[in-house]
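Coordinates in review
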Amino acid sequence: MGWEALGRWGEDAVRVEPLAGGVANDVWRVRVDGRLAVGRLGTRSDADLAWETELLRYLDGEGLTVPVPIPAADGRLFADGLMVMTYLEGGAPETGADWRRVAGTLRRLHQLTRGWPQRPGWRSSSDLLHAETGTRIDLGAMPPDGVARCRAAWARLAGHQTCVVHGDLNPGNVRMTADRVALIDWDESHVDVPDLDLVLPGNAAGLDDVAHDVAAQASAAWEAAVCWDDDYSVKRLAEVRAV
């Protein structure tokens, strides 16, 4: 149906301008009921979007600042691949102190979601020690030596406690103000080992040397696999040490 689905949020619902950063989705600033919001149109399944909307509403209820799904006129939280969410103002983290605040927010996310069910169709890094595919991963498309290096990196996380990870913690997905840290763009969120979220600039999460090395290698392997095979994924795979 495409962007025609935005009409389900009211006759006055309109697109305003495209937003940067959308890779797997078409993301726009929209206006709904006279207020600015964010519309994200993609091809994810209803089960996938139901998982994400339930997560965001739960986190909002627990006091985290996240984009909150805005119901359509009929009460649905998504329709025909479209989600509409609250628009969050703020700047990107710039200093070490900023990133330490981000780390604290991530740890709160991880604490709140222990035992959360896996996103439908997704695989964790530990699952991919044996599975070949997940929603955005196809290890069969990678060179065998690259798969072996990724799996060796992920094996170092096996047996660790899992929770929801944001999965795409770059500065553009953080909106900070003086009194809160907001995390946006939850399209890559899934259940995995929390340290994958904690490879931050300046080791702002305070991981010890061993834990940071394990997390950094596993994170590089994940980004190589999830993006394969663009230039960025090739660069990330080159950072994963040979077995």
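Going by the structure above, here's the rest.
Residues numbered from 1 in each chain as written. Predicted model: local features only at pLDDT ≥ 70, side-chain atom pairs only at ≥ 80, totals over all residues. Heavy atoms only, no water.

**Topic: the packing of aromatic side chains**
Counted under the stated rule, the structure contains three aromatic pairs. Each ring, one from Trp3 and one from Trp28, has its centre 6.4 Å from the other, and the planes form 65°; the classification is edge-to-face. Residue Trp3 is located in the segment before strand E1 (14-18), and its partner Trp28 is located in strand E2 (residues 26-32); the two are separated by 25 residues in the primary sequence. Taking the relative accessible area as the measure of exposure, Trp28 reaches 18% and is therefore buried. Look at Tyr58 and Trp116: their rings are 5.0 Å apart centre to centre, the planes differ by 35°, and that puts the pair in the tilted class. In this pair, Tyr58 sits in helix H1 (residues 46-61) while Trp116 sits in the loop between helix H2 (96-112) and strand E5 (133-134), placing the two residues 58 residues apart along the sequence. Owing to a relative accessible area of 27%, Tyr58 belongs among the partly exposed residues under this scheme. The ring centre of Trp28 lies 4.5 Å from the NZ or CZ of Arg15, which sits over that ring. (Phe/Tyr/Trp six-rings, centres within 6.5 Å; stacked < 30°, edge-to-face > 60°. Helix = DSSP H or I, 4+ residues; strand = E, 2+ residues; numbered from the N terminus. Buried < 20%, exposed > 50% of the residue type's maximum accessible area, 1.4 Å probe, protein only. Lys NZ or Arg CZ within 6 Å of the ring centre and 35° of its normal.)

**Observations regarding the pattern of salt bridges**
For side chains bearing opposite charge, pairing can occur when the charged atoms are close. Tallied over the full model, the rule gives 17 salt bridges. Notably, a salt bridge pairs Arg40 with Glu52, separated by 2.8 Å at the nearest N-O pair. In this pair, Arg40 sits in strand E3 (residues 35-41) while Glu52 sits in helix H1, placing the two residues twelve residues apart along the sequence. One salt bridge connects Asp187 with Arg44, and the closest N-O pair in it is separated by 3.2 Å. Residue Asp187 is found in the loop between strand E9 (181-183) and strand E10 (190-192), and its partner Arg44 is found in the loop between E3 and H1; the two are separated by 143 residues along the sequence. Given the relative accessible area of 4%, Asp187 is considered buried. Salt bridges here are not isolated pairs; linked through shared partners, they connect Arg40, Arg44, Asp48, Glu52, Arg119 and Asp187. (Salt bridge = Lys/Arg side-chain N within 4 Å of Asp/Glu carboxyl O.)

**Points about the pairing of strand E4 (residues 82-86)**
Two faces make up the sheet, and in a regular strand the side chains alternate between them. Across the five residues that make up E4, a large majority, four, are buried. Strand direction decides the pairing type here: E3 and E4, joined by five bridges, are antiparallel. Note that in E4 the partner of Arg40 across the bridge is Met83. (Pairing = 2+ DSSP bridges.)

**Regarding H2**
Between the first and last C-alpha of H2 there are 25 Å, a value that for 17 residues agrees with the 24 Å anticipated at 1.5 Å per step. For H2, the set of buried residues is Asp98, Trp99, Val102, Ala103, Thr105, Leu106, Leu109, His110 and Leu112. At its buried positions, H2 is contacted by H1, strand E7 (163-165), strand E8 (174-176) and E9. (Expected span 1.5 Å × (residues − 1). Contact = heavy atoms within 4.5 Å.)

**Some words on the nonpolar core**
Ranked by size, the top nonpolar core spans 34 residues in total, and within it Leu59, Val102, Leu106 and Trp186 carry the most contacts. For this core, the secondary structure elements donating two or more residues are H1, E4, H2, E8 and E9. Once residues within four sequence positions are removed from consideration, Trp186 is found in contact with Glu52, Leu55, Leu56, Leu59, Val66, Pro67, Leu109, Arg119 and His166. (Core = buried A, V, L, I, M, F, W, Y, C linked by side-chain atoms within 4.5 Å.)

**Regarding the packing of helix H3 (residues 144-155) against helix H4 (residues 209-227)**
Close contact between H3 and H4 brings their axes to 8 Å; oriented N to C, the two are set at 140°. Comparing their axes, H4 and H3 come out oblique. The chirality of how H3 crosses H4 is left-handed. Of the residues in H4, those touching H3 at Cys150, Ala153 and Trp154 are Gln217, Ala218, Ala221, Trp222 and Ala225. Class assignment for the residues of the contact of H3 with H4 results in seven nonpolar, one polar and no charged. (Axes fitted to C-alpha atoms, helices over the stretch in contact; angles between N-to-C directions. Parallel < 35°, antiparallel > 145°, perpendicular 65-115°, else oblique. Left-handed = near helix turned anticlockwise from the far one by under 90°. Nonpolar A, V, L, I, M, F, W, Y, C, P; charged D, E, K, R; others polar.)

**Remarks on unusual backbone geometry**
With an omega of 5°, the peptide bond between Trp228 and Asp229 qualifies as cis. Even without being glycine, Asp80 reaches a positive phi, approximately 55°. Within the fold, Asp80 resides in the loop between H1 and E4. Despite not being glycine, Asp185 has its phi angle at roughly 60°, a positive value. Accessibility expressed as a relative area gives 26% for Asp185, which makes it partly exposed.

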